[in-house]
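# Coordinate inspection notes
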Amino acid sequence: MTSPLQQKIKITGPSMVTANRTWDGVVIYRTAQQGWSANLSDAAIVRTSDEARTLLGEATADDVGAIGPYIAPVELKDGGEIKPGNLREHIRSEGLTIDLLPVPA
Amino acid sequence: MYAYDELDRTLINERVSEFRDQVKRRLSGELTEDEFKMLRLQNGVYLQLHAYMFRVAIPYGTLSSKQLRALARVGRRYDRGYGHFTTRQNIQFNWIKLAELPDALADLAEVGIHAMQTSGNNMRNVTSDQWAGVAPGEVEDPRIWSEILRQHTTLHPEFSFLPRKFKIAITASEHDRAAIKVHDIGLRLYKNAEGETGFEVLVGGGLGRTPFIGKTIKPFVHGRDILSYVEAILRVYNQYGRRDNIYKARIKILVHELGIEKFAREVDEEWKQMGDVGLTLDHSVIEEVRSRFSYPAYEKLPHMPDELKQAAHDPLFERWRGNSVFPHKVQGYSIVTISLKPVGAPPGDATSDQMDAVADLADRYSFGEIRVGHEQNLCLPHVAKRDLPQLWKALDRIGLATPNVNLVTDIIACPGLDYCSLANARSIPIAQELTRRFANHDTAELIGRLHINISGCINACGHHHVGHIGILGVEKNGEEFYQITIGGRADEGAQMGTLIGPAIPYAEVADVIEDIVEAYLALRDRPEELFVDAVKRLGVEPFKERVYATR
């Protein structure tokens, strides 16, 4: 399997590194403090491919804490608010777009 | 029900201990994710968008009430109080924690359930007709053969590292409810002119990126030879199947590239060379497995009991009975399909409370037995007709008496982008919107039998190719779009649907499906002409015109 670090990294806008927490699978984001947070607002934002590669490298090194780290786009709103950059990340960040439980007829 | 012996119980318990140790080593860092991934996949553990997903096998779709309660307990104790029944007689839990998985597996092992071979490049859960053993006209119970195959292939070293996953389905009825023609191997049990029981063997069926209908490789293989013949197929696949390209690794590609005649010759040659390797099934072995399936002590009951005559005055009961109740091989009994497709609900989902309630109803009305079908519905296989009114009321109280089986709202859907890391687009919200659009039962009955299948990506877990109407989610420039096919079917006349035109955006899918259904209602030559038959007669053009004329 090709390591994420060996793959060509090219970002076209502000991005973050996300993964799932190993012990429970919860969605997590790499922080600027070289840790992880379950809140997207804590994510370290990178703007260049080199920065992204470095952040992904740190994340990948934490094989015990996180599973499957990858780079994903974000939107930066006025005031610095971080929003997911695509639908997939929106769903991972905000949760299901459907009612969680079946609805009785 | 099949009764597990000590060997089965030991195998399952040892597997739990083994996985507990593997998880411990993973969490301590002794195992890297690269090392652990294959181990977790061999125990049905995937990583999805929000969490780990845990897939549990329901061999040939048969569950005892005790087992269903154990699944409910797993949903409640380790997940978020519900589970998702899949198109391959499995159940998935979407929010499981890796650290708690060994405990969940241990709880399931207590009732003989496991997750072995629900993932990975091995022989997956051998599926069968959910009406096995109770369907009128069935040759014999196909689960006996499913169980023989299950026993032979479970943890079989030669089949644990195949080029790709491998799926077998078996039916013993003329009407195929197991979708055997879209499996790697499809087996149709029948009696030949000499009265011997054996199988028509189909190979190379499958959906996904490259869909194929299975082809008959051998018109008749005697029952006693089925293990050796299946093994010969697998050996040829193991030898020639591609391992260099995941998209070309399924047996269907090999069969397609070699051609069925050449592939059949290779298998025959292998079969001949294998000789007697101890795989010929003695009559006593088959009978031993058969004897482990217990059947209810049916009473002698009238065809039309008084309770049913009285309840017939209630139009709501009659609607449900006409839709969800099917003939049984024993007089006075019925097969009841429990729709897991209430209006507005995710298809195939059941809460733990509903699972417990169904288990109670199975104890009361179905000799403690439940079945799971590939259409993502449940089934009570042995219901006395006199009990139908009471059963209906009880199902209604838990939201499971929607009379939509085989109708437009009985939608098959994969989890889609709401859960799945492979998906490009959402499936469940599309299904939910369609159930709302067609919520009126009179309208649904007017439309008649119509299967809508939805997949959120080309991997086709929602079997979109073989839906009467198939909906496939794709991604275009970051937006969800959907391709629509019509005319597919998954039964004995299985065929792939035909694409009607360019993909349409998320917001327009329900409108387009309504247009297609309206076109069908206007074009069918009589009310009895089913949607799929109308498409066969008319082709896709009239439907295409209706959909794209104004778009």
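So, how was this worked out
- Residues numbered from 1 in each chain as written.
- Chains lettered and ligands numbered in written order.
- Predicted model: local features only at pLDDT ≥ 70, side-chain atom pairs only at ≥ 80, totals over all residues.
- Heavy atoms only, no water.
- Pairing = 2+ DSSP bridges.
- Helix = DSSP H or I, 4+ residues; strand = E, 2+ residues; numbered from the N terminus.
- Contact = heavy atoms within 4.5 Å.
- Axes fitted to C-alpha atoms, helices over the stretch in contact; angles between N-to-C directions.
- Buried area = accessible area lost by both parts, 1.4 Å probe.
- Salt bridge = Lys/Arg side-chain N within 4 Å of Asp/Glu carboxyl O.
- Polar contact = N/O pair within 3.5 Å; in protein donor to acceptor, adjacent residues only side chain to side chain.
- Domains from an automatic or database assignment.
- Nonpolar A, V, L, I, M, F, W, Y, C, P; charged D, E, K, R; others polar.

## Here's the deal with the sheet that holds strand 4 (residues 66–76) of chain A
Residues and elements named next belong to chain A. Sheet architecture is open: 5 strands sit in the order 3-2-1-4-5, paired in antiparallel fashion. Looking at the sheet topology across the chains shown, the edges are occupied by strand 3 (36–37) and strand 5 (82–84). Bridge count for strand 1 (residues 15–21) against strand 4 is 6 bridges, and the pairing is antiparallel. Bridge pairing in strand 4 places V17 opposite I71. In the packing of helix 1 (residues 49–61) onto the sheet, contacts are made with strand 1, strand 2 (27–30), strand 3 and strand 4, and the angle to strand 4 comes to roughly 150°.

## Comments concerning the interface of chain B and chain A
Contact with chain B, which involves 42 residues of that partner, is made by 28 residues of chain A. Looking at the side of chain B facing chain A, the largest losses of area belong to R26(B), L49(B) and H50(B), adding up to 19% of the total buried there. Across the salt bridge formed by R26(B) and D63(A), the nearest N and O atoms sit 3.1 Å from each other. Where chain B meets chain A, there are 10 residue pairs in polar contact (both at pLDDT 80 or more). Sorting the residues of the side of chain B that touches chain A by element identifies helix 1 (6–28), helix 2 (33–41), strand 5 (90–96), strand 13 (349–351) and helix 14 (428–437) of chain B as the ones contributing at least two each.

## Structural notes on the domain arrangement of chain B
Residue and element names in this part refer to chain B. Structurally, chain B comprises domain 1 (6–109), domain 2 (142–291), domain 3 (306–397) and domain 4 (412–548). Between domain 1 and domain 2, the C-alpha centre-to-centre distance is 27 Å. Every contact between the two is made by 9 residues of domain 1 and, on the other side, 10 residues of domain 2. For the domain 1 and domain 2 pair, buried surface summed over both sides reaches about 800 Å², with 60% attributable to carbon and sulfur atoms. Three residues stand out in domain 1 for area buried against domain 2, namely L11, Y60 and R88, and they jointly supply 61% of the buried area on that side. At the surface where domain 1 touches domain 2, the tally comes to 1 salt bridge. Between R150 and D8 there is a salt bridge whose closest N-O contact spans 3.4 Å. The interface formed by domain 1 and domain 2 holds 5 residue pairs in polar contact (both at pLDDT 80 or more) in total. Each residue belonging to the side of domain 1 that touches domain 2 can be placed in one class, and the counts come to 4 nonpolar, 2 polar and 3 charged.

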